[in-house]
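Residues per chain, in single letters:
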Amino acid sequence: MSPSELTSPVIEPLRVDLGERSYPIHIGSGLLSQLGGLIEGLAPSRRLVIVTDETVHGLYGEALAEALSNYTAHIVVRPAGEAQKSMEGLDSVLEAMFKAGMDRSDLLLAFGGGVIGDLAGFAASIYKRGMPFVQIPTTLLSQVDSSVGGKTAINNRYGKNLIGAFYQPRAVIADTDLLSTLSDRELKAGYAEVLKYGLLGDRDFFDWLDAEGGERVLRLDPEALSKAIFISCQTKARIVAADERESGQRALLNLGHSFAHALELDAGYDGDLLHGEAVSAGMDMAFAFSVQAGYCRSEDAAKLSKHLEKLDMPRLSTLGGRLSDPAKLTRFMGQDKKNEAGKITLILARAIGEAFVQKAVPDENVETFLTALSENGLSENGST
């Protein structure tokens, strides 16, 4: 599908309500061409630094330059992939910004998926003690999740997103036309984060996705796509406004992520396992763990698994050898940033649409669960 065929309507901007740090989320078709006007007033110097990756730059570099013809722009192009979220990737971005002579009256544009958004956002947070930035997400995952909320970070050998800052953008501009060039794999990775919002607190949204919405979103049906992005961003904006720094309910947004981050770390961030793919399987694991712990009915876990199977999404039954070392995965989960006092914190579920935070989960419980999965697999109803 070409960008001209994707005609999701422009939606009235949502707003992340954080007092003087509040900002709009623009969602709709054709927003890239309107970018110059949308950032008017955010860059009084009319100087920009644009951080993007080779894939996005190749697809949309000319359109971006045309939209920003009234600005002076310095472009930093990085290779694509999760490996860029590293000290080396961060240093490269900062070095380019210093060489360009950027200052705190200038504006940084993060133009790419979640990797670029996280990397560029963190660079903005620390460059000369902070400069303003705007998120222009180009993937479904980044449009519904990572671009909103101000979490910026890089990875290291101890785990994912362990070096970072809470640093809010001045705006999020999500042009749905940009999704037309994504592969099926990338769309499904992004859809996992859409599904997350139904699972953590909105059963009606899950039921719509299960009945028809999920398949329509993956087909890039304009109406379904706009609805899914709007509801996802609306939910996240509400949670972030209530708990910006993850001291309470914002942790719910990490449903499935403790398992997912361990799987990603084990995979080595080499592109073999995308973040959204790990989240998809991680949510299946979180529901299975909830069943094992007696929190959730097996019927709900089975319903999630069947939904993932219907859409050919990663799930427990497709993990195979990724579960072969339960002790190592447990150790990786022990390094997760949500943990407190050396104890694992998990986001679990009482039902579809009813997630909760469970602190101080014993390591042995997690390792026993993972060992059972590794040795026996998972039955259709979520039991080992």
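## Here's the deal with the packing of aromatic side chains
For the coordinates displayed, the defined rule picks out seven aromatic pairs. A centroid spacing of 5.1 Å and a plane angle of 80 degrees characterise the contact between Phe289 and Phe369, whose relative ring orientation is edge-to-face. Residue Phe289 is located in helix 10 (residues 275-292), and its partner Phe369 is located in helix 13 (residues 363-376); the two are separated by 80 residues in the primary sequence. Here Phe289 and Phe369 have matching classes, each one buried. What links up through ring pairs into an aromatic cluster is the set Phe259, Phe289 and Phe369.

## Points about a negative patch on the surface
Together, Asp325, Asp363, Glu364 and Glu367 line one region of the surface with negative charge. Within the element layout of this structure, Asp363 appears in helix 13. For Asp363, a relative accessible area of 34% puts it in the partly exposed group.

## Description of the environment of Cys233
Relative to the assigned elements, Cys233 resides in helix 8 (residues 222-242). Residues Cys233 and Tyr197, spaced 36 residues apart in sequence, show a C-alpha to C-alpha distance of 9.3 Å. In this structure Cys233 touches Leu14, Ile25, Ile27, Gln143, Val144 and Val148, once residues within four positions along its chain are discounted.

## Quick look at the pairing of strand 11 (residues 354-361)
Note: strand 10 (residues 344-351) against strand 11, six bridges, orientation antiparallel. Considered in strand 11, the bridge of Ile344 is made with Val361.

## What to know about the pattern of salt bridges
Going through the model one piece at a time under the given rule, you end up with 27 salt bridges. Note that Lys310 and Asp210 form a salt bridge whose closest N and O atoms lie 3.4 Å from each other. Here Asp210 lies in helix 7 (residues 203-218) and Lys310 lies in helix 11 (residues 298-310), a separation of 100 residues in the sequence. Two residues, Arg322 and Asp272, come together in a salt bridge whose shortest N-O distance is 2.7 Å. With Arg322 in the loop between helix 11 and helix 12 (326-333) and Asp272 in the loop between helix 9 (257-267) and helix 10, the pair connects residues that are 50 residues apart, well separated along the chain. One connected set of salt bridges, linked through shared partners, spans Glu82, Lys85, Asp118, Lys160 and Glu264.

## Here we look at the pairing of strand 4 (residues 72-78)
Here strand 3 (residues 47-53) runs beside strand 4; their pairing, made up of seven bridges, is parallel. Directly across from Arg47, in strand 4, lies its bridge partner Thr72. On the question of chirality, the crossover connecting strand 3 to the parallel strand 4 by way of helix 2 (residues 54-67) is right-handed.

## What to know about empty space enclosed by the protein
This structure, assessed with the given rule, holds one cavity of 30 Å³ or more. Here the largest cavity defines a volume of roughly 90 Å³. Along the walls of the largest cavity sit 13 residues, with Gly159, Lys160, His261, Phe332 and Asp336 positioned nearest its centre. When residues of the lining of the largest cavity are traced back to their parent elements, those giving at least two are strand 8 (159-166), helix 9 and helix 12. Of the residues forming the lining of the largest cavity, the biggest block, four residues, is contributed by helix 9.

## A closer look at the packing of helix 9 against helix 12
As a packed pair, helix 9 and helix 12 sit with axes 9 Å apart at the nearest point and diverge in direction by 115 degrees. Classified by chirality, the crossing of helix 12 by helix 9 is right-handed. Each of Ser258, Phe259, Ala262, Leu263, Leu265 and Asp266 in helix 9 lies in contact with helix 12, whose residues at this interface are Lys328, Leu329, Phe332 and Met333.

## Thoughts on the confidence of the model for the protein
Overall, the prediction assigns the protein a mean pLDDT of 94, with 95% of residues at 70 or greater. Every residue in residues 1-5 is under pLDDT 50, and counting partners more than four places away or in other chains gives seven contacts.

## Description of the packing of helix 9 against helix 10
Look at helix 9 against helix 10: their axes get within 7 Å of each other, and the N-to-C directions meet at 130 degrees. Considering their axes alone, helix 9 and helix 10 lie oblique with respect to each other. Here helix 9 and helix 10 pass one another in a crossing that is right-handed. Between helix 9, through His257, Phe259, Ala260, His261, Leu263 and Glu264, and helix 10, the contact on the second element is made entirely by His275, Ala278, Val279, Ala281, Gly282, Met285, Ala286 and Phe289. By residue class, the composition of the contact of helix 9 with helix 10 is nine nonpolar, four polar and one charged.

## So, the nonpolar core
One finds Leu140, Tyr191 and Leu370 to be the most contacted residues of the largest nonpolar core, which totals 83 residues. The greatest single-element share of this core, amounting to 10 residues, is contributed by helix 10. Sequence-distant contacts of Tyr191, that is, excluding residues within four places in its chain, are made with Leu140, Leu209, Gly214, Val217, Leu218, His307, Leu311 and Met313. Ranked by size, the runner-up nonpolar core spans 21 residues in total, among them Leu35, Ile39, Ile50 and Val56.

## Observations concerning the environment of Gly28
Relative to the assigned elements, Gly28 resides in strand 2 (residues 23-28). Between the C-alpha atoms of Gly28 and Arg104, which are 76 residues apart in sequence, the distance is 29 Å.

## Examining the side chain of Glu246
Secondary-structure assignment places Glu246 in the loop between helix 8 and helix 9. Glu246 sits in the buried class, given a relative accessible area of 18%. Only 2.5 Å separates the side chain of Glu246 from the side chain of Lys151, close enough to count as a polar contact. In contact with Glu246, not counting residues within four places along its chain, are Lys151, Phe166, Ala251, Asn254 and Lys338.

The rules behind these values
- Residues numbered from 1 in each chain as written.
- Predicted model: local features only at pLDDT ≥ 70, side-chain atom pairs only at ≥ 80, totals over all residues.
- Heavy atoms only, no water.
- Phe/Tyr/Trp six-rings, centres within 6.5 Å; stacked < 30°, edge-to-face > 60°.
- Helix = DSSP H or I, 4+ residues; strand = E, 2+ residues; numbered from the N terminus.
- Buried < 20%, exposed > 50% of the residue type's maximum accessible area, 1.4 Å probe, protein only.
- Patch = residues over 30% accessible without salt bridge, like charges linked within 9 Å, V, L, I, M, F, W, Y side chains within 5 Å.
- Areas by Shrake-Rupley, 256 points an atom, 1.4 Å probe, with all protein chains shown as cover.
- Salt bridge = Lys/Arg side-chain N within 4 Å of Asp/Glu carboxyl O.
- Lys, Arg positive; Asp, Glu negative; His and termini not counted.
- Charge placed at Lys NZ, Arg CZ, Asp CG, Glu CD.
- Contact = heavy atoms within 4.5 Å.
- Pairing = 2+ DSSP bridges.
- Right-handed = clockwise from strand over helix to strand, strands pointing away.
- 1 Å grid on protein atoms, 1.4 Å probe; cavity = no way out; pocket = protein on both sides within 12 Å on 5 of 7 lines; lining within 4 Å.
- Points joined across faces, edges and corners; volume = space filled by probe spheres on them.
- Axes fitted to C-alpha atoms, helices over the stretch in contact; angles between N-to-C directions.
- Left-handed = near helix turned anticlockwise from the far one by under 90°.
- pLDDT = per-residue confidence, 0-100.
- Parallel < 35°, antiparallel > 145°, perpendicular 65-115°, else oblique.
- Nonpolar A, V, L, I, M, F, W, Y, C, P; charged D, E, K, R; others polar.
- Core = buried A, V, L, I, M, F, W, Y, C linked by side-chain atoms within 4.5 Å.
- Polar contact = N/O pair within 3.5 Å; in protein donor to acceptor, adjacent residues only side chain to side chain.

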